[in-house]
Amino acid sequence: MQGVPQPTRDEVLKLPRVHISSHPVMAHKMTLLRNKNTPPPQFYQLVKEIGSLLAYEATENLALEKSEIETPLQSTTGYRLAGGIGVTPILRAGLGLAEGFRQVIPDVQVWHLGLRRDEETLQAMEYYNRLPHQVDLQVVYAVDPMLATGGSAIDAINILKRRGIPRLSYLGIIAAPYGLQRLAQAHPDIDIYVAALDESLNDMGYIVPGLGDAGDRQFGTF
């Protein structure tokens with residue numbers, strides 16, 4: 001990333017359909033997550049908890065349909081989600097976020113997608129794809145903790161769009177302004193939800209201040 005112009009935080013905050021969490025509980029958990037002394041078991045638990053919090057924010061505008069039910073006292077009209085929900089964790093770091101999402105919507109469909117970053121080109125490379133051939137969902141969320149250069153997120157959304165899904169969103173923990181801008185420009189029709197927006201990318205393409213490698217810290221593979 002040396003010599004590559006990067007936007008500022010203020011510039012990307014003006015982008016449409018970008019949602020940065022401002023919840024105080026999220027800020028508290030993010031501080032614990034960033035701490036280099038947080039051990040992998042606690043780190044993984046925090047990722048799941050943050051995934052659940054983000055899921056509540058990202059599902060605020062889902063479509064509903066009326067449902068007639070019986071309470072212990074009388075009949076009443078309630079609401080159910082109108083159509084299925086899918087979540088696609090980008091392997092492997094996205095697994096913890098997907099688990100947190102499932103705690104909010106237990107019957108969510110989970111589609112696995114393997115993308116890894118080439119450390120020299122910083123481009124995303126697909127190595128695993130377990131997506132269904134037939135889709136009957138109202139929305140699918142691509143989830144990955146770190147939105148750095150944006151390559152993996154852009155490729156994941158490209159792959160999901162080829163499945164004809166009517167609505168797509170991206171959900172992550174930390175974004176760099178550069179990656180956030182690239183994703184928003186490549187896919188202006190999706191909503192982007194992240195827990196925190198950091199300052200920039202370093203010369204190696206890592207988010208700073210960031211939290212290190214989210215996959216290694218979740219699974220203890222240092």
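Note that the structure is predicted; figures quoted are calculated from it, not measured.

Asker: What is the right way to read the pattern of salt bridges from this model?
Answerer: When the charged atoms of two side chains with opposite charge come close together, those side chains can pair. The full count for this structure, using the stated rule, is 6 salt bridges. Taking the shortest distance from any N to any O, the salt bridge between D191 and R17 comes out at 3.2 Å. Of this pair, D191 sits in strand 11 (residues 191-197) while R17 sits in the loop between helix 1 (9-13) and strand 1 (18-20), placing them 174 residues apart in sequence. By relative accessible area, R17 is classed as partly exposed at 35%. Here E99 ties to R102 by a salt bridge, and the two come within 3.5 Å at their closest N and O atoms. Of this pair, E99 and R102 both sit in helix 4 (residues 95-104), separated by 3 residues, roughly a single helical turn. Given a relative accessible area of 36%, R102 falls into the partly exposed group.

Asker: Can you help me understand helix 4 in this one?
Answerer: Helical geometry: 3.6 residues make up each α-helical turn, so side chains three or four residues apart lie on a common side. Burial in helix 4 covers these residues: G96, L97, A98, G100 and F101. Those residues of helix 4 that are buried are in contact with helix 3 (40-58), strand 4 (84-91), strand 8 (137-143), strand 10 (168-175) and helix 7 (214-219).

Asker: Can you walk me through the nonpolar core in this structure?
Answerer: The tendency in soluble globular proteins is for nonpolar side chains to be buried as a group. Counting 37 residues, the largest nonpolar core has M30, L33, F101 and I173 as the members making the most contacts within it. Among the elements of the structure, helix 2 (24-34), helix 3, strand 4, helix 4, strand 8, strand 10 and strand 11 are those that each provide at least two residues to this core. Counting residues per element, this core draws most heavily on helix 3, at 7 residues. With sequence-adjacent residues up to four places away left out, L33 is seen in contact with F43, L46, V47, I50, I173, L211 and R217. In terms of nonpolar packing, the next biggest core, distinct from the first, is built from 28 residues, V12, L168, A184 and I190 among them.

Asker: It is not clear to me how the environment of S152 should be interpreted in this structure. Could you clarify?
Answerer: You can see S152 is positioned in helix 5 (residues 151-161). Counting along the chain gives 53 residues from S152 to G205, while the straight-line C-alpha distance between them is 13 Å.

Asker: Any chance you could explain helix 3 here in plain terms?
Answerer: The end-to-end C-alpha distance of helix 3 is 26 Å, a good match for the 27 Å that 19 residues give at a rise of 1.5 Å each. When helix 3 is considered as a whole, its buried residues turn out to be F43, L46, V47, K48, I50, G51, S52, L54, A55 and A58. Looking at the buried side of helix 3, the elements it contacts are helix 2, helix 4, strand 8, strand 10, strand 11 and helix 7.

Asker: Which parts of the structure should I look at to understand the pairing of strand 2 (residues 64-70)?
Answerer: For a regular strand, side chains alternate in direction, first toward one face of the sheet and then toward the other. In the sheet, strand 2 pairs with strand 3 (residues 75-81) via 7 bridges, with the strands oriented antiparallel. Residue E68 lies in a different strand from strand 3, and its bridge partner there is T77. Here strand 2 hands over to strand 3 after 4 residues, the two strands then running antiparallel side by side.

Asker: Any chance you could explain the environment of L115 here in plain terms?
Answerer: Relative to the helices and strands, L115 is located in strand 6 (residues 112-117). The spatial distance from the C-alpha of L115 to the C-alpha of Y127 is 5.9 Å, given a sequence separation of 12 residues. Here L115 is in contact with I90, L91, M125, E126, Y127, S152, D155, A156 and I159, once residues within four sequence places are set aside.

Here is what the cut-offs are and how they apply
Residues numbered from 1 in each chain as written. Predicted model: local features only at pLDDT ≥ 70, side-chain atom pairs only at ≥ 80, totals over all residues. Heavy atoms only, no water. Salt bridge = Lys/Arg side-chain N within 4 Å of Asp/Glu carboxyl O. Helix = DSSP H or I, 4+ residues; strand = E, 2+ residues; numbered from the N terminus. Buried < 20%, exposed > 50% of the residue type's maximum accessible area, 1.4 Å probe, protein only. Contact = heavy atoms within 4.5 Å. Core = buried A, V, L, I, M, F, W, Y, C linked by side-chain atoms within 4.5 Å. Expected span 1.5 Å × (residues − 1). Pairing = 2+ DSSP bridges.

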